[in-house]
Amino acid sequence: MNALAATPLVEGSVLPVIFMALMGVSLLLYVVLDGYDLGVGLLTAVAPEADRDRMVASIGPFWDANETWLVLAVGLLLIAFPKAQGVVLTALYGPVVLMLLGLILRGAAFDFRAKGDPAHKRWWDAAFAGGSALAALAQGWMLGRYVTGFDDGAGARVFAAGIALALTACYALLGAGWLLIKTEGELQRRAVVWARRVWPAVIAGLVLVSVASPCLSGTVRARWFELPGVIALAPLPLMAVLALAALRGLLNSHRVLGKLCWAPFALMVVVLTLSFFGLSYSLYPFVVIDRITLWQAAAADESLRFLLVGAVLTLPVILAYSLFSYRVFKGKVRALAY
C-alpha cells in the first residue's frame, strides 16, 4: 500500500487545510506577480541599452509590493506549520540564501542604476539581470526539490535542475507578456520576439514535469493514473496545452500589439494557475510529500484560530493596496515616468 492510500484525505480540524490554502494562494500570487518582474529583469540582459529604462520603469511601482506575497507565504509556513518549517527550510537553506542574494542584488541595482554614477550604469544593469536570474533559478530549484520530497537521488536533482530552467523560462514569458501590455513601438515588437523564443522552453518544462513527476514519486503516480484521480486531473494539462497553443497563435497576430496586448499575459496566468491546482491535487494532504501531513505539521487549533483572525484582517489590506497601485499606474509606460 503506497503512502497516499495509507493516509486519509480528511483528518481532524479543517484549520490546517485553510492555512495551507492561504499559503498556496500567496505563493501563486507571488509567482505571477513577482514572476513577471523577474522576467522583465531577465529580458534586460538581451535588450538594447536604450530600452532598459522603459523596461525597468514598467515594473517600478510594483516590484517591491509583489514580494509581499512571498513574505506572507513564508510567514504562514513558519507560524501555522512549525513542525514542517524545520524540514523544509533546512533542506532548502542553500537555495533560499541564493534567492535572497538575488533579490537583494536586484533591489540595489534598481536604485543605483538610476541614481548612481552614470559610468557604472551598465554594471548595475548586469547586476539587475543577474540578480533576476539567480532568484528565478533558485526558486525553480526549490520547487523541484520540494515536489520530490527532498530526495537526494541523482534523478531528483536532475529534475530540480530542469524545473529551475523551466520556471525561469515561464518568468521570461510572463515578463514578455507584461511588456506587451505596458510598452509600445519597437520595444513592444521586441517583446513579441522574446516571447516566441522562450515559448518552446516553457513547453519543454511542462513535458518534463508531466513525464518525470510520476516516475519519481509513487504517490504522485497513484494520484495521476488511478481512478478517480485520472478523471479529475486530466482536464488540467489539456487546458494548459490549449492556453499555450492560443498564446503562441496570438504571437503571430498583429492584434497582440493592439487591443489584445493583454491576452498573452492572461493566458500565461491561466497556465500557472492550472499548474498550481495540479500540484496541489498531487501533493494533498502532505506538507512534505510522503513524510508530513497537514495535521501532523500544524500548530494547535487554538493558535490557528488566533492566527486566522490576523490573516482575515491582513489579507484584504494587502489585496487592496496591490489593486490600488495597479489602478494608479495603469497604462503605457515611458522612460522612468508614466
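Now for a look at the structure at hand. (Residues numbered from 1 in each chain as written. Predicted model: local features only at pLDDT ≥ 70, side-chain atom pairs only at ≥ 80, totals over all residues. Heavy atoms only, no water.)

Another aspect to go through is the overall build of the chain. Across its full length, the chain carries 16 helices and 2 strands. On C-alpha atoms alone, the chain measures out to a radius of gyration of 20 Å, which is about the 20 Å that the 2.2 N^0.38 rule sets for 338 residues. Sorting the 338 residues of the chain into buried and exposed places 48% on the buried side. If you take every contact in the chain between residues at least 6 apart in sequence, the share linking residues at least 24 apart comes to 80%. (Helix = DSSP H or I, 4+ residues; strand = E, 2+ residues; numbered from the N terminus. Rg over C-alpha atoms; globule rule 2.2 N^0.38 Å. Buried < 20%, exposed > 50% of the residue type's maximum accessible area, 1.4 Å probe, protein only. Contact = heavy atoms within 4.5 Å.)

What follows covers the packing of helix H8 (residues 121–147) against helix H9 (residues 154–182). Where H8 contacts H9, the two axes come as close as 7 Å, and the packing angle between them is 135°. With respect to their mutual orientation, H8 and H9 come out oblique. As H8 packs across H9, the resulting crossing turns out to be right-handed. In this structure, H8 uses Ala136, Leu137, Gln139, Gly140, Trp141, Leu143, Gly144, Arg145 and Val147 to contact H9, whose residues at the interface are Arg157, Phe159, Ala160, Ala161, Ile163, Ala164, Leu165, Leu167, Thr168 and Tyr171. Classifying every residue of the contact of H8 with H9 by side-chain character gives 13 nonpolar, 4 polar and 2 charged. (Axes fitted to C-alpha atoms, helices over the stretch in contact; angles between N-to-C directions. Parallel < 35°, antiparallel > 145°, perpendicular 65-115°, else oblique. Left-handed = near helix turned anticlockwise from the far one by under 90°. Nonpolar A, V, L, I, M, F, W, Y, C, P; charged D, E, K, R; others polar.)

Formed by 95 residues in total, the largest nonpolar core has its most connected members in Tyr36, Met55, Phe81, Tyr171, Leu173, Trp194 and Met268. Element by element, the count of residues in this core is highest for helix H2 (residues 15–43), at 13 residues. In this structure, Met268 is in contact with Cys170, Leu173, Leu174, Val202, Leu244 and Leu247, ignoring residues within four places of it in sequence. (Core = buried A, V, L, I, M, F, W, Y, C linked by side-chain atoms within 4.5 Å.)

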